[in-house]
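A closer look at the structure
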Amino acid sequence: MKSPSFRLAVLGLALFASVGSALGADKIMVGMLPKSKGNGYFIACKVGSDKAAKELGVELLFDGPTDSNAAKQNEIVENWITLGVDVIAVAAENKEGISTALRKAQRQGIKIVTYDADAMPDARSFFVNQATPEGIGHQLMDEAARLLNSEGEFAIITATMTAGNQRDWMKHIEERLKRYPKMKLVAVRPSDDLKDKAQSEATALMSANPNLKLIMSICSPAVPGAAEAVKQAGKTGKVKVIGLGLPSENRRYVHEGVTDSVILWKTEDLGYLTVQAAVALVRGELKPGAKSLKAGSLGTFEIVGDNIILGTPFVFNKGNIDQFNF
Ligand code: RAM
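For the structure given in this document, a descriptive report is provided here. (Residues numbered from 1 in each chain as written. Predicted model: local features only at pLDDT ≥ 70, side-chain atom pairs only at ≥ 80, totals over all residues. Heavy atoms only, no water.)

Considerations on the sheet that holds strand β9 (residues 240-244)
- With mixed pairing, the six strands of this open sheet are ordered in space as β7-β6-β8-β9-β10-β14. The sheet terminates laterally at β7 (183-190) and β14 (314-316), the two strands that pair on one side only. Across the sheet, the mean angle separating the axes of adjacent strands is 20° when strand polarity is ignored.
- Note: β9 against strand β10 (residues 259-264), four bridges, orientation parallel. Each bridged residue has a counterpart across the sheet, and for V241 the counterpart in β10 is T259.
- Strands β6 (152-158), β7, β8 (212-217), β9, β10 and β14 of the sheet are contacted by helix α5 (residues 133-147), whose axis makes an angle of about 165° with β9.
- Docked against the sheet, helix α6 (residues 164-177) engages β6, β7, β8 and β9, running at close to 170° with respect to β6. (Pairing = 2+ DSSP bridges. Helix = DSSP H or I, 4+ residues; strand = E, 2+ residues; numbered from the N terminus. Axes fitted to C-alpha atoms, helices over the stretch in contact; angles between N-to-C directions. Contact = heavy atoms within 4.5 Å.)

So, the environment of K171
- Here K171 lies in helix α6.
- Take K171: its relative accessible area is 54%, and that puts it in the exposed class.
- Distance in space between the C-alpha atoms of K171 and G137 is 7.6 Å, their sequence separation being 34 residues. (Buried < 20%, exposed > 50% of the residue type's maximum accessible area, 1.4 Å probe, protein only.)

Some details on helix α3 (residues 70-83)
- The end-to-end C-alpha distance of α3 is 20 Å, a good match for the 20 Å that 14 residues give at a rise of 1.5 Å each.
- Of all the residues in α3, the buried ones are Q73, I76, V77, W80 and I81. Projected down its long axis, α3 carries its buried residues within an arc of 145°, all on one side.
- Buried residues along α3 sit against β1 (29-33), β2 (59-62), β3 (87-90) and α4 (95-107).
- Among the residues of α3, the N-terminal cap falls to N69, whose side-chain oxygen and the backbone nitrogen of A71 are separated by 3.1 Å.
- In the segment just after α3, G84 is the residue with positive phi, at about 80°. (Expected span 1.5 Å × (residues − 1). Arc of directions from axis to C-beta. Polar contact = N/O pair within 3.5 Å; in protein donor to acceptor, adjacent residues only side chain to side chain.)

Remarks on the site of the ligand
- Taken together, the neighbourhood of the ligand is formed by 14 residues, with N39, D116, N165, D193 and S220 sitting nearest.
- Between the ligand and Y41 there is a distance of 3.4 Å, counted from an oxygen atom to a side-chain nitrogen or oxygen.
- Out of a free accessible area of 290 Å², the ligand has 100% covered by protein chains.
- Of all the elements, α6 adds the most residues to the shell around the ligand, at three residues.
- Class assignment for the residues of the shell around the ligand results in six nonpolar, five polar and three charged. (Near = heavy atom within 4 Å. Areas by Shrake-Rupley, 256 points an atom, 1.4 Å probe, with all protein chains shown as cover. Nonpolar A, V, L, I, M, F, W, Y, C, P; charged D, E, K, R; others polar.)

What to know about the packing of helix α8 (residues 222-232) against helix α9 (residues 247-256)
- Relative to each other, α8 and α9 sit at 35°, their axes nearing to 9 Å. α9 is crossed by α8, and the crossing has left-handed handedness. Counted together, V223, P224, A227, E228 and K231 of α8 and E249, N250, R252, Y253 and E256 of α9 form the full contact between these two elements.
- Of the residues contributing to the contact of α8 with α9, the split by class is four nonpolar, one polar and five charged. (Left-handed = near helix turned anticlockwise from the far one by under 90°.)

Some words on the pattern of salt bridges
- This model, assessed by the stated rule, comprises 14 salt bridges.
- Note that D118 is salt-bridged to R124, the shortest N-O span being 2.8 Å.
- Overall, the relative accessible area of 6% leaves R124 in the buried class.
- Across the pair R176 and D142 runs a salt bridge whose closest N-O atoms are separated by 2.7 Å. Of this pair, R176 sits in helix α6 while D142 is found in helix α5, placing the two residues 34 residues apart along the sequence.
- The network of salt bridges with common partners includes D118, R124 and D306. (Salt bridge = Lys/Arg side-chain N within 4 Å of Asp/Glu carboxyl O.)

Rendered as structure tokens:
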């Protein structure tokens, strides 16, 4: 017969186990880190991430800096290492900076994927890429050329000057610019992924460059920021605005004729695909060298090298922007 103290210990363990499972301790835990959790772009990604987490029965921790802040991203990764999450999905503010913390997580057995903005290749297993950088860069440049009849000055407003995804896209914009010898890129300014800062940068760009014909914003908050500046300067139609922006944040300006078009991918799908990839990696269903990934209700995605590609971007304009609510 077992002693009363043995029984008590077993009961305690059983209780601990059932409380643990009620709290989801046996569930796969996914830490999802946006560049900033106040940015509508990442809020839209979260809608899809939540959906995938629910379908897959995993626990999703979604946390990030309030505004873009590389040091704060590192801190959150460190916290998740201590907590012992199973997998971390990161949109890297600073490619090199975050990679040290991610390598440390990998050494502790935590799986890593990146999405939206990549880290160094050895610091993650896969990058869930919204589209190819060439595709994004060329589409932006061709759209600008179409609007200006391939002639005139334009400026770029980016996120931070160190943001890896924007840097990659810019390389391809500049490469494509060679096709349009009568167009001139006069300035590249940072907005820190903030609408207000983009607005003041756009105002300054217009005063410093009286012949400016177009502002191309390549981070989402900067598109409505530039549009507001153009509108307030009374330059609607004279200085055109395009960029990578959310339909919801630009609808008004597109209808007012301030912004011609915005280009983007389905952010909800990016969030969904990221959580699907993260969980497949933990479950061993996604292994290095894989050529495709089955991602729940979104179907199968191609993997090129270690990039899981979401697809090609859409162009939202007056004719179709009302059909999209993200
Ligand atoms: C911002 C972020 C993000 C980028 C989008 C287009 O919200 O910088 O990284 O992909 O814009």
